[in-house]
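Structure at a glance
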Amino acid sequence: MADAPIYEARGISKSYGSVVALEDVDLSVHAGEVVGLVGDNGAGKSTLVKVLSGAHQPDAGSLHLDGQERSWRSPHEALEAGIETLYQDSGLCPDLTISGNVFLGREKLRGGLLGKLGLLDHRGMARIAHEELDRAGIGLTEVRRTVKDLSGGQRQAVAIGRAVAWARKVIILDEPTNHLGARQSGEVLRVMDKARERGLGVVFISHTLPHVLQVTDRIVVLRLGRVVADEPTSSFSPDTLLKVITGLGRSTADVIPEDAPA
Amino acid sequence: MSHGPSATTAAAPAGSPRARVTAVLLRQDVILLAVFIAMVAFFTAMNPVFFSRFAFANILQDWAPIILLAIGETYVIITAGIDLSVGATLGLSGVSAALTIRSLHESGTGGSTALLIGIAVALLVGLAVGAVNGVLITRVGLAPFIATLATMGAGAGLTLVVTGGVQIAGGPPEVIQLGNTQYLGLLTLPLIVVLVVLVVAWLVLHQTRFGRWTYAIGSNAFAARGSGIGVDRHLIKIYMLSGLLAGLAGVFVYLRLGSGSPTSGQGQELTAIAAAVIGGSSLFGGSGRMSGTVLGALITTAVLSGLILIGVAPNWQQVVIGVLIAVAVAVQQISARRAQKGAGRG
Ligand SMILES: Nc1ncnc2c1ncn2[C@@H]1O[C@H](COP(=O)(O)OP(=O)(O)O)[C@@H](O)[C@H]1O
Ligand SMILES: [Mg+2]
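Remember, it's a predicted structure, so these values are computed and weren't measured experimentally.

**A short note on the packing of helix H3 (residues 86-106) of chain B against helix H4 (residues 111-138) of chain B**
Residues and elements named next belong to chain B. With their axes 8 Å apart at the nearest point, H3 and H4 run at an angle of 150° to one another. Considered as vectors, H3 and H4 are oriented roughly antiparallel to each other. Note that H3 runs across H4; the crossing there is right-handed. Note on element contacts: H4 touches H3 through Ala114, Leu115, Ile117, Gly118, Val121, Ala122, Val125, Gly126 and Val129, opposite Thr89, Leu92, Ser93, Ser96, Ala97, Thr100, Ile101, Leu104 and His105. Broken down by class, the residue content of the contact of H3 with H4 amounts to eleven nonpolar, seven polar and no charged.

Okay, structure coming up:
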């Protein structure tokens, strides 16, 4: 992990009116690395996700993809650059099919004249969606089913599969294991492992600390809009991580002893 | 008329989803068709004139502007919006065409030229009202219901201002000719245009990105935005489409009557909404089908014509439309609740 980060945010600040959601926040992720982003409710995690994904513009700070400074005027630009985001509780359009959701915003057109007229290639999209979900390790391949007929866990699996299928550089997951049972969460964590194997940078936001400790390589802790810790996962125990998040220890040094395993 | 696989109101999950989706859609259109046939049978029994070529030609003529408004309304309702302004826009466009054509005619412009310019003006008026709706909704942030209620009031008022509340007659003879010459026994030129518009609207809704995004926005605008879809721009286009179709409907009503009537659009927005909702468009967004809207418009038109033929006073029309909307929405909600019970155990 000595190489340069694939995606980096430097000195990000963002306020909503008088509410300071982020203040001078740094975050980086390397190719093939899973970074956990944790913090209490209102710490600023979702706001940081929105800045990283181009949904919001930061008031100050800069974004660097592959070492180059970039700025996103819309989520579309970030998507084009290879950054996929799964927003908290927002993922899918329930009235569309699985395949329709996987291809949403990137619909494939037919070949030839019909394609030039703008007609969709329904069959081709279904086939590719099937293959991609399979490759992402998601066992939901009946891609012509309507999403509103799926259970919560199945929907989440589709949302993640979609993000993994399209991501070329970075994938950001905002609380993907929320509301999921143990078995389904396990599946989500496995999909994250697959994404890491494919050399993607993964940013994983979760309140479920055991999941974070299990799957991440490094953990960044936000408290009240500031980064209060950015350490390898191995330097946290469930207990110390909780203390840093809640701020019950006065600083990182208080809860992570100097001789912690690196 | 068939359908794309994206937009469905399918119920429980099943082994062969595609076959099942097709079956459900087919069933809905079959039910609507059955309702239409039952209406025709009922009104024919009450008054045999209903089942004559003359009456059918009349129903088709009435259907043309309604289906145009209902096509726009279908797109709008699928995005979880509503367009209350289409009736007023129809009236305003119609009198704009009439005024333009009359003044060009009086200043010595040739009939066909005057007609073309008048039609263009009417369509531009429709587009402009739609653009105002779209901007009010996406940039100002008004709810579609409020924004289009405002333009409905403004449009109807403006129509009265420019006409002084009277019919605008006095165009060239080409007007009546164009609107009423029948081909193949039943079809007038406006009807042929409507059929072409319908096929294009159906293709766009079910077979193109534009249609797919329309469903996506109504289904979950946040997810659509996150997928890189320009939601605001798309919505503005949808309301402009609705306005354009209302403008075209205004032209057709004008051509048929041979004069611009300031009241011709009154209440038509409700008829169009009824057609779309009876056809299966959900006011909560995310679902609707062009085939359903076609049948819904046929049913509402048949009911309205039938009531007149059996001697019900025209003032009852609005009441009947109101009842139709309420019944259609109730049926939708009951079946949606059933479907929900069926799913959710996945
Ligand atoms: N759209 C918004 N408008 C105003 N305040 C907001 C908005 N989004 C978030 N906030 C505020 O910014 C802070 C950070 O919120 P958020 O990023 O959602 O935190 P988290 O995801 O960590 O729970 C909170 O105080 C929240 O109330
Ligand atoms: Mg959050």
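Anyway, onward from the coordinates.
**So, the domain arrangement of chain A**
Many analyses report the size of an interface as the accessible area lost when the parts associate. Residue and element names in this part refer to chain A. For chain A, the assigned domains read domain 1 (7-95 + 146-255) and domain 2 (96-145). Inter-centroid distance (C-alpha atoms) of domain 1 to domain 2 is 27 Å. Across the boundary between the two partners, domain 1 contributes 22 residues, which contact 17 residues of domain 2. For the pair domain 1 and domain 2, the summed buried area comes to about 1,800 Å², and 59% of that belongs to carbon and sulfur atoms. The largest share of the area that domain 1 buries against domain 2 comes from Val158, Arg162 and Trp166, three residues that together contribute 29% of it. Across the salt bridge formed by Glu84 and Arg106, the nearest N and O atoms sit 2.8 Å from each other. In this assembly, domain 1 and domain 2 are joined by seven residue pairs in polar contact (both at pLDDT 80 or more). In terms of residue class, the side of domain 1 that touches domain 2 is made up of 13 nonpolar, three polar and six charged.

**Let's talk about the environment of A:Leu92**
Examined against the element boundaries, A:Leu92 turns out to sit in the loop between strand E6 (83-86) and helix H3 (98-102). A relative accessible area of 9% means that A:Leu92 is categorised as buried. For the pair A:Leu92 and A:Arg155, spaced 63 residues apart in sequence, the C-alpha separation works out to 7.5 Å. For A:Leu92, the residues in contact, after removing those within four places along its chain, are A:Asn101, A:Val147, A:Arg155, A:Val158, A:Ala159, A:Arg162, B:Asn220 and B:Ala223.

**Looking at the pairing of strand E7 (residues 170-174) of chain A**
Residue and element names in this part refer to chain A. Within E7, five of the five residues are buried, which leaves it mostly tucked inside the rest of the structure. Neither face of E7 is exposed, since Val170, Ile172 and Asp174 on one face and Ile171 and Leu173 on the opposite face are all buried. The sheet contact formed by E6 and E7 spans four bridges and is parallel. Along E7, the bridge assignment pairs Glu84 with Ile171. When E7 meets strand E8 (residues 201-205), the two strands line up parallel, connected through five bridges. Residue pairing in the sheet places Val170 in a bridge with Gly201 of E8. Between E7 and its parallel partner E8, the chain crosses via helix H7 (residues 182-197), and the hand of that crossover is right-handed.

**What to know about helix H10 (residues 231-257) of chain B**
Residue and element names in this part refer to chain B. When the terminal C-alpha atoms of H10 are compared, their 39 Å separation across 27 residues agrees well with the 39 Å that a helix rising 1.5 Å per residue should span. Of all 27 residues that make up H10, 19 are buried, and the element is covered over most of its length. One or two residues past the end of H10 sits Gly258, with phi positive at roughly 80°.

**As for the layout of surface pockets**
Residues and elements named next belong to chain B. Counted as a void, the second largest pocket has a volume near 800 Å³. Lining of the second largest pocket is provided by 30 residues; of these, Asp62, Gln268, Leu304, Ile308 and Gln317 occupy positions nearest its centre. At the level of secondary structure, the elements contributing two or more residues to the lining of the second largest pocket comprise helix H2 (53-78), H10, helix H11 (268-278), helix H12 (290-309) and helix H13 (317-342). No other element matches the nine residues that H2 contributes to the lining of the second largest pocket. Tallied by class, residues from the lining of the second largest pocket come to 16 nonpolar, twelve polar and two charged.

**A few points about the site of ligand 1**
All names here are of chain A. Neighbouring ligand 1 are Tyr16, Val19, Ala21, Asp40, Asn41, Gly42, Ala43, Gly44, Lys45, Ser46 and Thr47. A distance of 2.7 Å is found between an oxygen atom of ligand 1 and a backbone nitrogen or oxygen belonging to Gly42. Take Gly44: an N or O atom from its main chain is 3.0 Å from an oxygen atom of ligand 1. Contact with the protein chains covers 61% of the free accessible surface of ligand 1, which is 550 Å². Put simply, the parts of the chain that give the shell around ligand 1 at least two residues each are strand E2 (19-29) and helix H1 (45-52). Among the elements that make up the shell around ligand 1, the one with the highest residue count is H1 (three residues). Of the residues assigned to the shell around ligand 1, the class counts are four nonpolar, five polar and two charged.

**A word on the confidence of the model for chain A**
Mean pLDDT over chain A works out to 88, with 92% of the residues at or above the 70 mark. Taken as a whole, residues 257-262 of chain A scores under 50 in pLDDT and shows four contacts with residues more than four places along the chain or in a different chain.

**As for the packing of aromatic side chains**
All names here are of chain A. All told, the structure shown has four aromatic pairs over all chains when counted by the stated rule. On the basis of an interplanar angle of 90° and a centroid distance of 5.6 Å, the ring pair of Phe103 and Trp166 is categorised as edge-to-face. Remark: Trp166 occurs in helix H6 (residues 152-166) and Phe103 occurs in the loop between H3 and helix H4 (112-116); sequence separation between them is 63 residues. A residue is classified by how much of its surface remains accessible, and Phe103, at 4% relative accessible area, is buried.

**Considerations on the sheet that holds E6(A)**
Residues and elements named next belong to chain A. The strand order across the open sheet built from six strands is E6-E7-E8-E3-E9-E10, with neighbouring strands paired in mixed fashion. Strands at the two margins of the open sheet, each flanked by one partner only, are E6 and strand E10 (226-232). Ignoring which end each strand starts from, the neighbouring axes of this sheet average 15° apart. Those strands touched by H1 are strand E3 (34-38), E6, E7, E8 and strand E9 (218-223), and its axis lies near 150° from that of E7. Sitting on the sheet, H6 touches E6 and E7, and the angle it makes with E6 is about 170°.

Parameters at a glance
Residues numbered from 1 in each chain as written. Chains lettered and ligands numbered in written order. Predicted model: local features only at pLDDT ≥ 70, side-chain atom pairs only at ≥ 80, totals over all residues. Heavy atoms only, no water. Axes fitted to C-alpha atoms, helices over the stretch in contact; angles between N-to-C directions. Helix = DSSP H or I, 4+ residues; strand = E, 2+ residues; numbered from the N terminus. Parallel < 35°, antiparallel > 145°, perpendicular 65-115°, else oblique. Left-handed = near helix turned anticlockwise from the far one by under 90°. Contact = heavy atoms within 4.5 Å. Nonpolar A, V, L, I, M, F, W, Y, C, P; charged D, E, K, R; others polar. Domains from an automatic or database assignment. Buried area = accessible area lost by both parts, 1.4 Å probe. Salt bridge = Lys/Arg side-chain N within 4 Å of Asp/Glu carboxyl O. Polar contact = N/O pair within 3.5 Å; in protein donor to acceptor, adjacent residues only side chain to side chain. Buried < 20%, exposed > 50% of the residue type's maximum accessible area, 1.4 Å probe, protein only. Pairing = 2+ DSSP bridges. Right-handed = clockwise from strand over helix to strand, strands pointing away. Expected span 1.5 Å × (residues − 1). 1 Å grid on protein atoms, 1.4 Å probe; cavity = no way out; pocket = protein on both sides within 12 Å on 5 of 7 lines; lining within 4 Å. Points joined across faces, edges and corners; volume = space filled by probe spheres on them. Near = heavy atom within 4 Å. Areas by Shrake-Rupley, 256 points an atom, 1.4 Å probe, with all protein chains shown as cover. pLDDT = per-residue confidence, 0-100. Phe/Tyr/Trp six-rings, centres within 6.5 Å; stacked < 30°, edge-to-face > 60°.

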